[in-house]
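Each chain is listed here by its residues.
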Amino acid sequence: MNETIQENDVSLIQVRQDSKWGFIDKTGKIVIKPQFDWVGRFFEGLCGVQVKDKWGFIDKFGKFIIDPQFDEIRVFDEELCSVKIGDKRVFIDKSGQIVINPQVDYCMDSFDEGLCKVRMGDKWGFIDRTGNVVINPQFHQSIGWFSDGMCNVEIENKWGFMDKTGKIIIKPQFDWVNLFSDGMCNVRIGDKWGVIDKSGKIVVNPRYEEVGQFSEGLCKVKMGDKWGFIDKTGKILISFRFEQVGQFSEGLCGVVIGLWGVIDKSGQIIVSPQFNDIGSFDEGLCRVEIGDKWGFINKKGKVVTNFQFDETHYGFREGFCGIRIMDKWGFIDKTGEIVIKPRFDNIDTSSFYDGMCNVRIGDKWGIIDKTGEIVIKPQFDCINTMNCLYEYQDISS
């Protein structure tokens, strides 16, 4: 997914009623009558909608700007949108005109860092946003995606990296590679993992069974059957003594020595191992499980809520976290106090967004505010406050 895409418009809320999709505003007023078989998100002023088996685009008034005619679509990104007509993928502008029609055997459906992967015969290359070929199809084996200006490429069963001109800048020599992130990349030689920088220099020798991603300057690594942590120079900062570890968040990390506990960045145990499961610290609190009940602790390990919840959301959003007691959902605040009594049959896993949260009573969805008051009566078969039913751009697959 192209990370340059701006956040979608949330002034209109997707709803489904009598098997058809439409949009309401934040007062619950129907703005676009439910009439579509499926809807996407508003990006750059347009939203993909499905009518029978074809896709088109509407504006915020529900008017068709591009009539339904496509078999698949994605969302507009910098004035372009990938669509599929039959088995041919092309890119259109906001008038619906085809502006990129790659003369290739296969075209991917998105641009990453300004480039899109294409195949001619059995060879892969890249085009830019004007449709020009910038890296000639020449790679018989696998190529990956651009990240940090570099793309992983396989040549003769070894992986290396090229730049945006197609020049090989890190010789293929690895049995597997991940993508670059923050200037670092995990690589495997044989069955051991290490880390390289963007020059191809090995900064962490491949000697580990597993290597994670860097988080707050530390990376979890596994040697034998134990986990520890290294810094970006490869120096071991926390020795290998844990059966399992999480990721550092807010300076703390969950670790297993028999049970889950918490360490700081020096490796000192802050909260003794005592939990069956543990989350990550978020806004100063962390969810933990004892037996089959969940509660929350603070950074000192103090229990701030009793172990009374059958389920919780993974973190706080806008100061609230969803909790379930028996078969009803409610919310706690960051002090651990139940501020919205569990009375809903379901709630949005995204919790509150822009002061609102989707809730279900019986088989109908509505919206509450942060006081727990119902602001839109449960009346819809489905509702989506965040206007992001689709985590990825492909809304028609």
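Look up: the structure comes first, before these words.
Report on the accompanying structure. Once a new chain begins, its residue numbering starts again from 1 and follows that chain's sequence as written. In view of the model being predicted, local features appear only for residues whose pLDDT reaches at least 70, and side-chain atom pairs are presented and counted only at 80 or more, with totals across whole chains, interfaces and linings using the full set of residues. Hydrogen atoms and water are omitted, and side-chain values are computed over all heavy atoms in the structure.

Attention shifts here to the packing of aromatic side chains. Each Phe, Tyr or Trp ring (for Trp, its six-membered ring) is paired with any other whose centre lies within 6.5 Å, and the angle between the two planes then decides the class: stacked below 30 degrees, edge-to-face above 60, tilted in between. Under the counting rule described, the total for this entry stands at 15 aromatic pairs. A ring pair is formed by Trp21 and Trp38, whose centres lie 5.5 Å apart and whose planes are at 65 degrees; its orientation type is edge-to-face. Of this pair, Trp21 sits in strand E2 (residues 20-24) while Trp38 sits in strand E4 (residues 38-43), placing them 17 residues apart in sequence. Relative accessible area serves as the criterion here: at 1%, Trp21 is assigned to the buried category. Relative accessibility decides the category of a residue: with a 1.4 Å probe and only protein chains considered, values under 20% of the type maximum give buried, values over 50% give exposed, and everything between is partly exposed. Classification of Trp38 by relative accessible area gives partly exposed; the value is 31%. Among the aromatic side chains, those forming a connected cluster through ring pairs are Phe320, Phe331 and Phe352. Whether a charge lies above a ring is judged from NZ of Lys or CZ of Arg, which has to be within 6 Å of the ring centre and within 35 degrees of the ring normal. One Lys or Arg, Lys117, reaches over the ring of Trp124 and ends 5.5 Å from the middle of that ring. Above the ring of Phe214, the side-chain terminus of Lys232 is found at 5.8 Å from the ring centroid. Numbering goes from the N terminus for both helices and strands, where a helix is a DSSP run of H or I of at least four residues and a strand is a run of E of at least two.

Of all 5 residues making up strand E18 (residues 158-162), 4 are buried, and the element is well covered by its neighbours. For two strands to pair, DSSP has to find at least two bridges joining them. Relative to E18, strand E17 (residues 150-155) runs antiparallel, the two being bridged by 5 bridges. Note on E18: the bridge partner recorded for Ile155 is Lys158. The turn joining E17 and E18, which pair antiparallel and follow one another in sequence, is formed by 2 residues; a positive phi near 55 degrees is taken by Glu156. Summarising the sheet, E18 and strand E19 (residues 168-174) pair through 3 bridges and their orientation is antiparallel. Bridged to Phe161 within E19 is Ile170. Connecting E18 to the antiparallel partner E19 that follows it, the hairpin turn spans 5 residues, and Gly166 within it adopts a positive phi of roughly 95 degrees.

Of note, Glu44 is a non-glycine position whose phi angle comes to about 55 degrees, a positive value. With respect to the helices and strands, the residue Glu44 is situated in the loop between E4 and strand E5 (46-51). Accessibility expressed as a relative area gives 33% for Glu44, which makes it partly exposed. Phi is positive for Lys52, which is not a glycine, with a value near 60 degrees. With respect to the secondary-structure elements, Lys52 resides in the loop between E5 and strand E6 (54-58).

If you trace the 4 strands from one edge of the open sheet to the other, you get E8-E9-E10-E11, paired in antiparallel fashion. The two strands at the open ends of the sheet, each matched to only one other strand, are strand E8 (72-73) and strand E11 (98-100). For E8 and strand E9 (residues 81-85), the ladder comprises 2 bridges, and the chain directions are antiparallel. Bridge pairing in E9 links Glu72 to Lys84.

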